[in-house]
Amino acid sequence: MLSHPVLKDVYSPGTVQPTSGMPVGDVPSDIVLLLDNSGSMKTNDPQFLTSKAVTEFINQLDYSTRLGIVIFDQKVTLAYPLTEVSEQTRGEMLNSLDKINYRGLYTNSPDGLERAIYELKLHAREDTERFIVFLTDGIVDTGDKQKDITKVDWMRKELAADAADNNIKIFGIAFTDGADIQLIQSLAQQTNAEYFRAFTPDKISGIFNLIQERITRVREEARLAEIEANKPPPPPVIIEAPR
């Protein structure tokens, strides 16, 4: 299990060598990427470095992994359903990133998170490690401030609890100082995951590498726990009574 999630302020891309391209025992993972497509992302990430970082992340997934992609702005789009990674599907997953255009009017991340959780609840395999990687550069914004307050509360309480009840860990990436870091922190902590902050787009790749590493560690810990649970009991100790 992950313990003591800590805010990471600055990471340089390429400093961590990802390991999740290698098979990890018999404990596969099901992952949904939850990505912000609002218009502010175009200002903060004009070169679409987020898509490049996600491409690297997808290219390093092993064949025991299933991946889905959800993007959100004023609406929520299942860009790619939860599907096993193969050479064919990997290409399809990468092509689905073309739907990220940073033209959205609002930031309806609560509905996006609900859809990501639903995708895992509906299609994740039994006995897998389940993850959501959530990236946003802003606060919840549906165009209705009162509705926003209600949705933030729903996200922080009910959606986080739903994820935790279904063994879904939410790794959060707060991109820029405009993101709601307290909300992202709360989601990560309630689901026994971690949260990160990237102030500039060139840091996103390094954070995705770190998340790859964390996912690999969770899977390895689950594998070792499974081995321990399946160990045969020790033979009984027979003590002969003196004659």
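Coordinates for the structure precede this section.
Residues numbered from 1 in each chain as written. Predicted model: local features only at pLDDT ≥ 70, side-chain atom pairs only at ≥ 80, totals over all residues. Heavy atoms only, no water.

Caption draft 1: Here's a closer look at helix H4 (residues 109–123). Taking 1.5 Å per residue, 15 residues should reach 21 Å; H4 reaches 21 Å between its end C-alpha atoms and fits that length. Along H4, the residues classified as buried are Ser109, Pro110, Gly112, Leu113, Ala116, Ile117, Glu119 and Leu120. (Helix = DSSP H or I, 4+ residues; strand = E, 2+ residues; numbered from the N terminus. Expected span 1.5 Å × (residues − 1). Buried < 20%, exposed > 50% of the residue type's maximum accessible area, 1.4 Å probe, protein only.)

Caption draft 2: Molecular detail of the side chain of arginine 90. The topology assignment puts arginine 90 in helix H3 (residues 87–96). Look at arginine 90 and you get buried, because its relative accessible area is 10%. Among the polar contacts made by the side chain of arginine 90, one reaches the main-chain carbonyl oxygen of asparagine 59 at a distance of 3.3 Å. At 3.1 Å, the side chain of arginine 90 and the backbone oxygen of leucine 61 are in polar contact. Residues contacting arginine 90, with those up to four places away along its chain left out, are Ile58, Asn59, Gln60, Leu61, Tyr63 and Val85. (Polar contact = N/O pair within 3.5 Å; in protein donor to acceptor, adjacent residues only side chain to side chain. Contact = heavy atoms within 4.5 Å.)

Caption draft 3: Inspection of the nonpolar core at higher detail. Membership of the largest hydrophobic core comes to 64 residues, with the highest contact counts inside it found for Leu33, Ile69, Ile132 and Phe208. At seven residues, the largest contribution of residues to this core is made by helix H7 (residues 204–229). (Core = buried A, V, L, I, M, F, W, Y, C linked by side-chain atoms within 4.5 Å.)

Caption draft 4: Main features of the pattern of salt bridges. By the definition in use, this model includes 15 salt bridges. Measuring nitrogen to oxygen at the nearest pair gives 2.6 Å for the salt bridge that ties lysine 151 to aspartate 111. Here the residue lysine 151 occupies a position in helix H5 (residues 145–165), and aspartate 111 occupies one in helix H4, the gap between them amounting to 40 residues. By relative accessible area, lysine 151 is classed as buried at 11%. We classify aspartate 111 as partly exposed; its relative accessible area is 23%. Here aspartate 202 ties to lysine 203 by a salt bridge, and the two come within 3.7 Å at their closest N and O atoms. For aspartate 202, a relative accessible area of 36% gives the class partly exposed. Members of the salt-bridge network, linked through shared partners, are Glu194, Glu213, Arg214 and Arg217. (Salt bridge = Lys/Arg side-chain N within 4 Å of Asp/Glu carboxyl O.)

Caption draft 5: Molecular detail of the side chain of threonine 176. Inspection of the secondary structure assignment puts threonine 176 in the loop between strand S5 (168–175) and helix H6 (181–190). Side-chain polar atoms of threonine 176 contact the backbone oxygen of aspartate 137, separated by 3.3 Å. In this view, threonine 176 contacts Asn44, Asp137, Arg197, Ala198 and Phe199; residues no more than four positions away in its chain are not counted.

Caption draft 6: View of the environment of leucine 183. On the secondary structure map, leucine 183 appears in helix H6. For the pair leucine 183 and glycine 172, spaced eleven residues apart in the sequence, the C-alpha separation amounts to 9.3 Å. Setting aside residues up to four positions removed in sequence, leucine 183 forms contacts with Val140, Val152, Met155 and Arg156.

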